[in-house]
Structure formats: C-alpha cells, structure tokens
Amino acid sequence: MKAAVVTEFKAPLRIQDLPKPEPGANEILVRIEASGVCHTDIHAAHGDWPVKPTPPFIPGHEAVGVIEAMGPGDTGRHVGERVALAWLGKACGHCDYCISGWETLCEQQANTGYSINGGYAEYALADGRYAVPVPDGVTAFDAAPLTCAGVTTYKAIKMARVRPAERVAIFGIGGLGHLALQYARIVGGIVIGVDVEQPKLDLARSLGADHVVNARTSDPVEEIKKLGGADVAVALAAAPRSFEQAFQSLRRGGRLVCVALPADGNITLPIFETVLFGISVIGSIVGTRQDLAEVFQLHQAGRTSVIATGRKLDDINACFDDVLAGRVPARLVLEF
Ligand SMILES: [Zn+2]
Ligand SMILES: [Zn+2]
C-alpha cells in the first residue's frame, strides 16, 4: 500500500510502498477513501510538542474508509461498513475517565496518526471498538473534516455551555473555525467570526456569522467590546496572542475555551479580572465517540456544511506548505 511516512522530524514526508497490515484481535483493516489534513499532523511531523511520536510513523487522524477485513473479536463493526478513525484511536475502557464519559482524558489512550499509524495511507488498522460508523447520507469526503475539526469544535461549544442569544466569538476561521461557528449557531449563539484574512471572514459570513472582525486591520478586543463583549470566546488560532485577545474580549461571566495548540504557548492570566469578573478558562480536547456520532447526525440532518478542497496523497508536502502559509480556505482532504 502507498503511504506518506514521517521518517524524521521536520523532514519532508516520504511516499513509500509498505505491506498492507494484517488485523489482530479487535482490529479492523480500513481501505481509506478520504483523509483530512489537520494542523496537528504538521506538529506531529515536526515533533513540536512535549510528548512526541516515534518515527517512522504515518500521520492522519481524520481518516474515513470502508472496513475490508477484521481480526478476531466482536467489536460491533462489520465488513463493508464505512467508519471514521479519529484522534482517539483507543483507550483503556475501564479507568474512571473512560467509564464516566471522559475517554478523551484516559491516561492509557493511543492516538491515531501519532502513537499508532494513521490515515495518510491506502489502508489503516484500527481498534474496531473506537471506530465510529459514518451514517448513510454523509460522504467520506465530508466525514473526514468532521472527524477532527468537527468533533473538536462541537465539543468546545458543548463545554462552553452556550445558551441561546449569547455572543460567541470564534478566533480563527479555518478548518476548525468554519465548523465551530456553525455549532455555535445551532445552539442559538450570536456568532462573531475573528480572523486576519479577509477571505476567511467572507467564508464566516457565508456560513452565517452575525458579525466578523478583521484582527489585522482592527483591534478585535475593542470591536467585540463595542458589541457588548463575548459570553464565550473559542481560541482556535495557533497564535498565543489571539488567546490573550480572546480572553480580553470576554464580558463578565465569560468563558474562554482553549482548543488550538501553539507549538510553544503560554498565556498570562490577570488574576484580578479573572476573579472579579467570574471568568472561566476551559481546556477542550477533541471529543468522544458519542460526540462524533452526534456530529455525523447533525451533518446527515443538513445542519452543517463542510468546506474542503480535495488533494492527492503524493501532494502531501505541498499540502503542509499550503496549510502553514494560510493558503487553505478551510480544510484539505486527501482523496484515494
Ligand atoms: Zn486534528
Ligand atoms: Zn481509560
């Protein structure tokens, strides 16, 4: 099978011909149809974060395809079924996080495209118990960005407990942001899209943002304060400065939801304002299998639009360059 492999950090990925893997106990072999390109894959390939993957490995955690073979064990899945392989490749299933609906915090988890090989390949192995079925009516192409960008922002909106008519500022309108603003609208939020690129603000408008703010030509904190301040600010841009702006744009009682993972990021919180204004700072990491199932249901019901451009696996290094240069309208999806 053809695969894009990280052989060393910061080097271009190598297209290699590898043997098709054999499924072991509880494993499924998935023939990949579509695989989204997430900024996390670039961090993985560069070894940017404190916990690093071990080269050689295959990135990709927005992988969607059809089950071609299965190892021994009943995982609830069957051959021929379309499934999504998300960041949460596997968890222990019995710790207090796992049994209380917080499998995404399991300390024993394995992550697709990071600690286990992912979807930048014609085939991928996965634990069938953690693969999420893709319902009829949701294409593999749309399902791919929903598998990380979708579920991650859906969970962030859930974590913020957005109530109808609350103002929700989305900092960063890209692969994640274009979906975040749609989930914020679904729960009744008044949405403010913030970005530094005009085409992304136009995209936010076309997807229903009530207000847009260009953070390059104006001060987003001032602009959002003019609107009354944000009840919720979701930080999706991998720039530490935008986290601070998101915090400062909050009104009293506001919630900052941190989602993006800048390579080296610290934010300084003013204790006085945080305490006096009753501000909450929330970290939100991806979503559970149930969250992803809900994301697919909403898409199947026609409540969300996925904006993505199709590319080929051989093009992966150019895809990374385009993402890093901000040339991608929302999401790139490798099509097989
Ligand atoms: Zn991702
Ligand atoms: Zn666990």
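Residues numbered from 1 in each chain as written. Chains lettered and ligands numbered in written order. Predicted model: local features only at pLDDT ≥ 70, side-chain atom pairs only at ≥ 80, totals over all residues. Heavy atoms only, no water.

- In the nomenclature of an unreviewed UniProt entry, the protein chain corresponds to Alcohol dehydrogenase from the organism Actinoplanes campanulatus.

## Observations regarding the domain arrangement of the protein chain
And step 1. You can read the domains of the protein chain as domain 1 (2–133 + 306–335) and domain 2 (150–283).
And step 2. Taking only C-alpha atoms into account, the centre of domain 1 sits 28 Å from that of domain 2.
And step 3. Facing the eleven residues of domain 1 at the interface are 14 residues of domain 2.
And step 4. In this assembly, domain 1 packs against domain 2 so that about 970 Å² is buried in total across both faces, 66% of it on carbon and sulfur atoms.
And step 5. Between the two partners, domain 1 and domain 2, sit zero salt bridges. (Domains from an automatic or database assignment. Contact = heavy atoms within 4.5 Å. Buried area = accessible area lost by both parts, 1.4 Å probe. Salt bridge = Lys/Arg side-chain N within 4 Å of Asp/Glu carboxyl O.)

## Regarding the coordination of the zinc ion (ligand 1)
And step 1. Coordination of the zinc ion (ligand 1) by the protein is provided by Cys38 (SG), His61 (NE2) and Cys148 (SG), with metal-donor distances spanning 2.1 to 2.2 Å.
And step 2. One chain supplies every donor to the zinc ion (ligand 1), and in sequence these donors are spaced C-x22-H-x86-C. Of this pair, Cys38 sits in the loop between β3 (27–37) and α1 (39–46) while His61 sits in the loop between α1 and β4 (63–70), and the two are 23 residues apart along the sequence.
And step 3. Residue Cys38 is classed as buried on the basis of its relative accessible area, which comes to 4%.
And step 4. With relative accessibility at 1%, the residue His61 sits in the buried group. (Donors = N, O, S within 2.8 Å, 3.2 Å for Na, K, Ca; no water. Helix = DSSP H or I, 4+ residues; strand = E, 2+ residues; numbered from the N terminus. Buried < 20%, exposed > 50% of the residue type's maximum accessible area, 1.4 Å probe, protein only.)

## With respect to empty space enclosed by the protein
Gaps left between atoms show up when a probe the size of a water molecule is rolled over them.
And step 1. The tally for this structure, following the rule as stated, stands at two cavities of 30 Å³ or more.
And step 2. Each pocket or cavity is described by its volume, and for the largest cavity that value is around 90 Å³.
And step 3. Contributing to the lining of the largest cavity are 13 residues, with Ala86, Leu88, Gly287, Thr288 and Leu292 lying nearest its centre.
And step 4. Of all the secondary-structure elements, those providing two or more residues to the lining of the largest cavity are α3 (140–159) and α9 (289–300).
And step 5. For the lining of the largest cavity, the leading source of residues is α3, giving three residues.
And step 6. Split into classes, the residues belonging to the lining of the largest cavity amount to nine nonpolar, three polar and one charged.
And step 7. The computed volume of the second largest cavity comes to approximately 40 Å³.
And step 8. Looking at the second largest cavity, the residues that line it are Leu85, Ala86, Leu88, Gly89, Thr112, Ala126, Asp127, Tyr130 and Ala131.
And step 9. Classifying every residue of the lining of the second largest cavity by side-chain character gives six nonpolar, two polar and one charged. (1 Å grid on protein atoms, 1.4 Å probe; cavity = no way out; pocket = protein on both sides within 12 Å on 5 of 7 lines; lining within 4 Å. Points joined across faces, edges and corners; volume = space filled by probe spheres on them. Nonpolar A, V, L, I, M, F, W, Y, C, P; charged D, E, K, R; others polar.)

## What to know about the pairing of strand β8 (residues 123–127)
And step 1. With four of five residues buried, β8 is to be regarded as a mostly interior element.
And step 2. By the bridge criterion, five bridges tie β3 to β8 in an arrangement that is antiparallel. Along β8, the bridge assignment pairs Val30 with Ala124. (Pairing = 2+ DSSP bridges.)

## Structural notes on a nonpolar patch on the surface
And step 1. Taken together, the side chains of Tyr97, Trp102, Leu105, Leu261 and Ile285 make up a nonpolar region of the molecular surface, amounting to roughly 410 Å² of accessible area.
And step 2. Within the secondary structure, Leu261 sits in the loop between β14 (250–258) and α8 (271–276).
And step 3. Assessed through its relative accessible area of 44%, Leu261 is described here as partly exposed. (Patch = residues over 30% accessible without salt bridge, like charges linked within 9 Å, V, L, I, M, F, W, Y side chains within 5 Å. Areas by Shrake-Rupley, 256 points an atom, 1.4 Å probe, with all protein chains shown as cover.)

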